[in-house]
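Chain residues, written in single-letter form:
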Amino acid sequence: MKLLEIIDLSKSFGGLNAVDQVSMELIRGEILGLIGPNGAGKTTLFNLITGFIRPNKGRIKFRGEDITGLKANEVAAKGIVRTFQASNTLFQQRMVWENVLIASHLKYRSGLLRTFINTPSIGAEENNIKNQALELIDSIGLSTVQNEYAVNLPHGYQRLLGVCLALAANPTILLLDEPVTGLTPEETSAFMNYIVKLRDNGLTILLVEHNMKAVMNTCDRIVVLNYGKKIAEGSPDLISKNEDVIKAYLGVDINVA
Amino acid sequence: MPVAQIIFNALLLTMLYALVSSGLTLVLGIARIVNFAHGALYMLGAYVAYYVFQEAGLPFPLALALSVLSVGLFGILIDKLLFRRLAGQFFAAVIVSLGLVFFVEGGGALIFSEQERSIAPFVSGNVDIFGATLSVERIIVIFAGAFVMLALFWFINHTKQGAAMRAVAQDSEAATLQGVNFNYTSALAMGIGAGLAGFAGALLAPVFGVVDPYMGQTIMFKAILVITVGGFGSVPGAFTAALIIGFVESFGFWYVEHWVTAMLFGLVIIVLLIRPRGILGKEYIMRH
Amino acid sequence: MQRKLTFIIFCLILLVLGPLLSNQPYWMHVVIICIYSSILAMSWLLILKIGHLSLAHAAFMGVGGIASALIVTKAGISFWLALPLSGLITAIIALILGFPLLRVKGIYFLIITFAFNELFVIIIRNWKFLGGYVGLIGVPRPNAIGAIDFSSKVHYYYLILFLAAVTVITLYRIYTSRIGRIFTSIGEDEDLARSIGIDVIRYKLIAFSIGCFFAGITGSFLVHYLNFAGAELFTTWQSLYIQIYAIVGGMVSVIGGPIVGAFSLILLTEFLDIPIKAQPLVYAAILILIIFFLRNGLISLPQRILAWRLRLLRLLERNIKHETA
């Protein structure tokens, strides 16, 4: 089932076509990899899908519903949640559990006035969501550091926390923006295993990544961008043999181990 | 009032705003600080001119030179002592620059007393052109202003230091990699910017005839207007905007008086909402 | 923690019972200024917490003040209705202006609010109806309630104390609840907040309106206290003062900081008999020192001193160990 459809999406900055009539789809339950050389338009496409920037042309459909032009927080509310490239995109001055609690924003049903007056139901809801947050922290493996300030976490844990925050927002689709940059090989494979586990539990995942090994080993399908256009699409095997892809990456070692 | 007179006034205002705003925008683009105390530097220049020219009776060009030097040095001092230490902390730097307004103007009020002082013109005489009576003094000021602006353009575009400044304004990291000394260039920018403000203050003091410790405030508002419309960090933009605003104000004043300033502020607010980077500015990259 | 609580209770008792101990009008006037300055500083800080440094807070105070003066003098409405009404009017204007303004990034917002405050002053100065150059004179005292006829400063004192209490309670509720978390998370990282579904513009508008609401009711109080509503009360310099109180007091404590800042600076001026002319200079010097040496403000002083003592103790310990070793 096509969860996400991207139809002829285009975005230009000044004279530069960052994303040029890209069409692709995301199928429910798959892990889709989005790759391409630097400047290919991956980040722009990412930002377009998640509502952080508006396209010039084209449409984005989620579950058949047109979500083109929705604001970032509306896209998140629909169920499409992203992580950020910079690992320190966290609420640095707060502890891990606070971070996750804030990220659980979409789970709250209570209105502002009730929250301000602090009716009894507010306290109950807060406890409920707090417990859910702690469970999430536990399942992702961050419970040992749950009282640490985000700014003090080592790099690997920060990346995990970033994913944890996105998960707290109850996503149907999880978009990961270069999530393993800066991680050791061990950390990387542990992380990618966790991603596969998330998928097996029902999440659909779109992954932008430079680490080819991780991409080839984990993704079901891959879409390749270059100069804003889609130049190839298919299974990892197909992509690694695709001439256009190899040409685009000329000089870069596509090591499929 | 004959049109020639209004145009003449407009040119005078243009020069004034161009001088002050160029300094402000230079500092913004290179040292990356919005120096709210820039207007206060203008005031200091005016007072130096007052004491040297009016009180001590020394020749006016000397007063000009001393203003530029003293205010320029003061600018470098502020930069070294305060702004360099807050490099990268944009928010703190803004707070400090706002505090400086209080400090310099308050200090001025204390030292110079709040009472306004008058200055005699540095040259007397009028000239009749196109039916308008223009004072020789103001003509000289316009030309002096234009000359300094040209010198500034030349400096930025044709000297090594100017090239360094342009490099830093565009990408300070890349510039540092090329061997440009960021701290030195910033201090230089601050010094020149402050010097320009001081020069403007001194030059225009005899023209306006009075100085008071708070005279920097009005000019500060206008300078912010100008750099916003012209684009943060762009000296040519500042000049263009100064031209526009000088003429709008001069013609506007003649027809609508007080409401001119209101109009101008309205203009700024609109510009900021529609095209925040102004006419010639690049998207201002804020360092947090 | 225990000490902090006792200190706060002590201050509260002092504040509430103060006028009964000494009702010298001069000191009551000073403390009244401290209290309403605290309200302004606290409400300003709320706006800062959503990531926006506003230089127009005094202008919003002016909106409330002038609205109140006009409502009472021209429409003959009772002060007690005019007070909340002015706050509401200010909040609505803040909402309308905030819609375009809050979309704009830090430095641009700063400049716009600066320009707005200037524009506000110019408009009032040039419009007779809003006061003109002289301002609105003869703004009446609050309508009498029984024996409380506001002929004495004591009445005003308790009124502003009450308003301050309302402000503190409201802000306390906000900050300790989910709402406060949303506000501060927007201030910390807008994009991150967006990505987890927070409607940033909506919450910014709410926070901005609340902050300006309190500025508005303070304005209303002020004009009926001074019996005057003039542009000089609402200038950009006043906005700067408000900012200085909050920052010197300490931005880390959203309620305590501004109160400490306002009281410390104003009382300092009184106790040291600093002439009005030197005030900006002194305040600026203190502000700059705080930024460089005590970034988290005066309220973080006890903590800092404790930390120093600890370090000193450890240093001494090590020296003693060396001696005995």
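Because the structure is a prediction, the values reported are computed rather than measured. (Residues numbered from 1 in each chain as written. Chains lettered and ligands numbered in written order. Predicted model: local features only at pLDDT ≥ 70, side-chain atom pairs only at ≥ 80, totals over all residues.)

Another point: the arrangement of the chains. Of all two pairs of chains that touch, the greatest number of contacts is found between chains B and C. With no contact between them, chain A and chain B keep their nearest C-alpha atoms 12 Å apart. (Contact = placed C-beta atoms within 7 Å.)

The next thing to look at is the interface of chain B and chain C. With 31 residues of chain B at the interface, the matching set in chain C holds 29 residues. Taken together, the elements giving at least two residues each to the side of chain B that touches chain C come down to α4 (90–112), α9 (215–230) and α11 (259–274) of chain B. Among the elements that make up the side of chain B that touches chain C, the one with the highest residue count is α4 of chain B (14 residues). Taken together, the residues of the side of chain B that touches chain C break down into 22 nonpolar, seven polar and two charged. (Helix = DSSP H or I, 4+ residues; strand = E, 2+ residues; numbered from the N terminus. Nonpolar A, V, L, I, M, F, W, Y, C, P; charged D, E, K, R; others polar.)

On to the pairing of strand β7 (residues 173–177) of chain A, then. All names here are of chain A. For β7, a buried count of five out of five residues is recorded, marking the element as mostly surrounded by other parts of the structure. Across the two faces of β7 the burial is the same, with Ile173, Leu175 and Asp177 and Leu174 and Leu176 all buried. As judged from the five bridges shared by β7 and strand β8 (residues 204–208), these two strands associate in the parallel manner. Paired with Ile173 across the strands is Thr204, a residue of β8. With respect to chirality, the unit in which β7 leads through helix α7 (residues 185–200) into the neighbouring parallel β8 is right-handed. (Buried ≥ 20, exposed ≤ 12 C-beta atoms within 10 Å, placed from the backbone. Pairing = 2+ DSSP bridges. Right-handed = clockwise from strand over helix to strand, strands pointing away.)

Before going further, it helps to spend a moment on the interface of chain C and chain A. Across the contact, 18 residues belong to chain C and 20 residues belong to chain A. If you list the elements that add at least two residues to the side of chain C that touches chain A, you get α6 (153–176), α7 (178–188) and α8 (190–195) of chain C. No other element matches α7 of chain C, which puts six residues into the side of chain C that touches chain A. In terms of residue class, the side of chain C that touches chain A is made up of seven nonpolar, four polar and seven charged.

Bringing the packing of helix α1 (residues 3–30) of chain B against helix α5 (residues 136–158) of chain B into the picture now. All names here are of chain B. One can describe the packing of α1 onto α5 by two numbers: an axis separation of 9 Å at closest approach and a directional angle of 35°. Considering only the axes of α1 and α5, their crossing is left-handed. Facing α1, whose interface residues are Leu11, Leu12, Met15, Ala18, Leu19 and Ser22, α5 presents Arg138, Val141, Ile142, Gly145, Ala146, Val148, Met149 and Leu152. Class assignment for the residues of the contact of α1 with α5 results in 11 nonpolar, two polar and one charged. (Axes fitted to C-alpha atoms, helices over the stretch in contact; angles between N-to-C directions. Left-handed = near helix turned anticlockwise from the far one by under 90°.)

Quick look at the sheet that holds strand β2 (residues 16–27) of chain A now. Residues and elements named next belong to chain A. Read across the open sheet, the four strands follow the order β2-β1-β4-β5; overall the sheet is antiparallel. At either end of the open sheet lies a strand with only one pairing partner, and these are β2 and β5 (65–66). Looking at chain direction, strand β1 (residues 2–13) and β2 are connected through eight bridges and run antiparallel. The residue bridging Leu4 from the neighbouring strand is Leu26, located in β2.

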